[in-house]
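A closer look at the structure
One-letter residues, chain by chain:
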Amino acid sequence: MSGDSGEIRLRRPTEADHAVLVAQIDEWWGGRVMHQLLPRLWLQHFNGTSWVAEDAAGRQVGFLVGFVSPDRPGEAYIHMVGTSPNHRRSGLGRALYERFFDDMRSRGIRRVSAVTWPGNQGSVRFHRAMGFEPAAGAGTQNLYGTPAYPDYDAEGDDRVVFSREL
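What comes next concerns the included structure. (Residues numbered from 1 in each chain as written. Predicted model: local features only at pLDDT ≥ 70, side-chain atom pairs only at ≥ 80, totals over all residues. Heavy atoms only, no water.)

Turning our eyes to something else, we now look at the sheet that holds strand S5 (residues 60-68). A sheet is described by the order of its strands in space; here 7 strands give the open sequence S3-S4-S5-S6-S7-S11-S8, paired in mixed fashion. Looking at which strands have only one partner, the edges of the open sheet turn out to be strand S3 (9-11) and strand S8 (133-134). By the bridge criterion, 4 bridges tie strand S4 (residues 51-54) to S5 in an arrangement that is antiparallel. Pairing of Trp51 across the sheet is with Leu64, part of S5. Strands S3, S4, S5 and strand S6 (75-83) of the sheet are contacted by helix H1 (residues 17-28), whose axis makes an angle of about 105° with S5. Lying on the sheet, helix H3 (residues 92-106) is in contact with S3, S4, S5, S6, strand S7 (111-116) and strand S11 (160-165); it crosses S6 at an angle near 160°. (Pairing = 2+ DSSP bridges. Helix = DSSP H or I, 4+ residues; strand = E, 2+ residues; numbered from the N terminus. Contact = heavy atoms within 4.5 Å. Axes fitted to C-alpha atoms, helices over the stretch in contact; angles between N-to-C directions.)

So, about the nonpolar core. Of all hydrophobic cores here, the largest spans 25 residues; its most connected members are Ile78, Phe100, Phe101 and Phe132. Elements with a contribution of two residues or more to this core: S4, S5, S6, H3, S7 and S11. No other element matches the 7 residues that H3 contributes to this core. Those residues in contact with Ile78, other than ones at most four positions away along the chain, are Leu64, Val65, Gly66, Tyr97, Phe100, Phe101, Val112, Ser113, Ala114 and Phe132. Counting residues in hydrophobic clusters, the runner-up holds 13 residues, among them Leu21, Trp29, Met34 and Trp42. (Core = buried A, V, L, I, M, F, W, Y, C linked by side-chain atoms within 4.5 Å. Buried < 20%, exposed > 50% of the residue type's maximum accessible area, 1.4 Å probe, protein only.)

This part takes up the packing of aromatic side chains. Under the criterion given, the structure shown has 12 aromatic pairs. When the ring of Tyr97 is compared with that of Phe126, the centres are 5.0 Å apart and the planes differ by 75°; the resulting orientation is edge-to-face. Taken together, the positions of Tyr97 in helix H3 and Phe126 in helix H4 (residues 121-129) put the pair 29 residues apart, joining distant regions of the chain. The interplanar angle of 45° and the centroid separation of 6.0 Å between the aromatic rings of Phe101 and Phe132 together place this pair among those described as tilted. Residue Phe101 is located in helix H3, and its partner Phe132 is located in the loop between H4 and S8; the two are separated by 31 residues in the primary sequence. Since its relative accessible area comes to 0%, Phe101 is described here as buried. On the basis of relative accessible area, Phe132 is assigned to the buried category, the value being 1%. These aromatic residues form a ring-pair network of at least three members: Tyr97, Phe101, Phe126, Phe132 and Phe162. Stacked on the ring of Trp51, the Lys or Arg Arg12 has its end atom at 3.9 Å from the ring centre. (Phe/Tyr/Trp six-rings, centres within 6.5 Å; stacked < 30°, edge-to-face > 60°. Lys NZ or Arg CZ within 6 Å of the ring centre and 35° of its normal.)

Okay, here's the thing in structure tokens:
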């Protein structure tokens, strides 16, 4: 895969990647405080199911943190994904997801889930383009034009719950 800085390489993260990623995450999200969603434990305990993207100079330009559900056989969950604004619309996000999907298929996983805020229309469009479908059952409401659960994580923390068959 190529990006603005040349070739992009996907590799497993290490705990040493944590400081670099959390130093960039808030900037990547336009100043929103997001680094709290990626405590060090994710790169200590889930590095075998997660990915980091780095450019030819070895700079981290993206990541995906996910895991195999211990309580839902055959299901995996994508916890957090981020890409540098300079590498968006280059196929990097898709490459991270596809690598995760391939990895999960090789482990016998049949379904992948993820959540996003319904007001993040870029994320909603991206997940739909990647083949995810939003849950639309009991308890969902049309929020920002998408079926979502109001107060999913806490009061005011609405979420679209996506899933995709592999």
